[in-house]
Amino acid sequence: MAESLPWGNFFVTGARASPEGTFHRFVTQRAPDRRTARLSNGREPMARILVIEDEPDLAKILEYNLRQEKFAVEIGKNGEEGLTKARRGSPDLIVLDLMLPDLDGLEVCRRLKSDSKTKAIPVLMLTAKGNEMDRVVGFEVGADDYLTKPFSPRELVLRIRAILKRIRCLCSGQLPERMQTEERLH
Ligand code: CA
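Residues numbered from 1 in each chain as written. Predicted model: local features only at pLDDT ≥ 70, side-chain atom pairs only at ≥ 80, totals over all residues. Heavy atoms only, no water.

Caption draft 1: Focus on the overall build of the chain. When helices and strands are tallied, the chain shows five helices and nine strands. What you see in the chain, going N to C, is helices and strands ordered as β-β-β-β-α-β-α-β-α-β-α-β-α-β. Burial statistics for the chain: of 186 residues in total, 40% are counted as buried. Pairs at least 24 residues apart make up 57% of the contacts formed inside the chain by residues separated by at least 6 positions. (Helix = DSSP H or I, 4+ residues; strand = E, 2+ residues; numbered from the N terminus. Buried < 20%, exposed > 50% of the residue type's maximum accessible area, 1.4 Å probe, protein only. Contact = heavy atoms within 4.5 Å.)

As structure tokens, then:
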């Protein structure tokens, strides 16, 4: 039975007893991955954020603040454009406004989460003040978090960082490319 226990830069993925009674455990090294790789200077790679927001002023403010925090930012001006950019660019996270002129944010989120290309991308939804129903439905269609307008850019950045950190932790045990090594314990 495979297990996945963090062990420094490695994950233990299995164990067995050999005929001589010695015990081996299989160790999987974390493969370099875009979402989990660290730069040689020890810093996280620049995360790419897609902001789907039709109000130009708000989009600009979000873009400015996220760039200040060293995120790479792309803007989708409506639902369709956002979906296209999400599929093409596979961003690390999507900030999705609920109120959009063509498809509403819930429909965009539903489509993102039902497309194999985009379903793993975390979504932070921006909802109107006090609309609890939007939040509930937002979670139902797969949003990972939400922020109620008006919000401070600082809070947005903190929430984005928290989601990315959570995703990195989840991803690190389930990487597709693994380098198998075997370690003799005794
Ligand atoms: Ca809007």
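Caption draft 2: Structural detail: the packing of aromatic side chains. Within the structure shown, the criterion is met by one aromatic pair. With 5.6 Å between their ring centres and 75° between their planes, F139 and Y146 make a pair best called edge-to-face. Given a relative accessible area of 25%, Y146 falls into the partly exposed group. (Phe/Tyr/Trp six-rings, centres within 6.5 Å; stacked < 30°, edge-to-face > 60°.)

Caption draft 3: Main features of the coordination of the calcium ion. Coordination of the calcium ion by the protein involves E53 (OE), D54 (OD), E55 (OE), D97 (OD) and M99 (O), with metal-donor separations of 2.1 to 2.7 Å. All donor residues of the calcium ion come from one chain, and their arrangement in sequence is E-D-E-x41-D-x1-M. Highlighted residues: E55 in the loop between strand 4 (48–52) and helix 1 (56–68) and D97 in strand 6 (residues 93–97), separated in sequence by 42 residues. With relative accessibility at 36%, the residue E55 sits in the partly exposed group. (Donors = N, O, S within 2.8 Å, 3.2 Å for Na, K, Ca; no water.)

Caption draft 4: Molecular detail of the sheet that holds strand 8 (residues 145–148). Ordered by their spatial adjacency, five strands build an open sheet running 5-4-6-7-8, and the pairing between neighbours is parallel. The open sheet is flanked by strand 5 (72–76) and strand 8, the only strands paired with a single partner. Each adjacent strand pair in this sheet contributes to an overall mean axis angle of 20°, direction not counted. Against the sheet, helix 3 (residues 105–113) engages strand 4, strand 6 and strand 7 (123–127), with an angle of about 170° to strand 7. Sheet contacts for helix 5 (residues 153–172): strand 4, strand 6, strand 7 and strand 8; angle to strand 8, the most-contacted strand, approximately 175°. (Pairing = 2+ DSSP bridges. Axes fitted to C-alpha atoms, helices over the stretch in contact; angles between N-to-C directions.)

Caption draft 5: Representation of helix 2 (residues 79–89). Along helix 2, the positions that sit buried rather than exposed are G79, G82, L83, K85 and A86. Considered in projection along helix 2, the buried side chains sweep an arc of 170° and stay on one side of the axis. On the buried face of helix 2, the contacting elements are strand 4, strand 5, strand 6 and helix 3. Measuring from the backbone nitrogen of E80 back to the side-chain oxygen at the start of helix 2 gives 3.2 Å, which picks out N78 as the cap. In the segment just after helix 2, S90 is the residue with positive phi, at about 30°. (Arc of directions from axis to C-beta. Polar contact = N/O pair within 3.5 Å; in protein donor to acceptor, adjacent residues only side chain to side chain.)

Caption draft 6: Representation of the packing of helix 1 against helix 5 in the model. Taken N-terminus to C-terminus, the directions of helix 1 and helix 5 make an angle of 60°; their axes are 10 Å apart at the nearest point. Taken together, the axes of helix 1 and helix 5 lie oblique to each other. At the point where helix 1 passes helix 5, the crossing takes the right-handed sense. The residues of helix 5 that touch helix 1, namely those facing L62, N65 and L66, are P153, L156, V157 and I160. Looking at side-chain class alone, the contact of helix 1 with helix 5 contains six nonpolar, one polar and no charged residues. (Parallel < 35°, antiparallel > 145°, perpendicular 65-115°, else oblique. Left-handed = near helix turned anticlockwise from the far one by under 90°. Nonpolar A, V, L, I, M, F, W, Y, C, P; charged D, E, K, R; others polar.)

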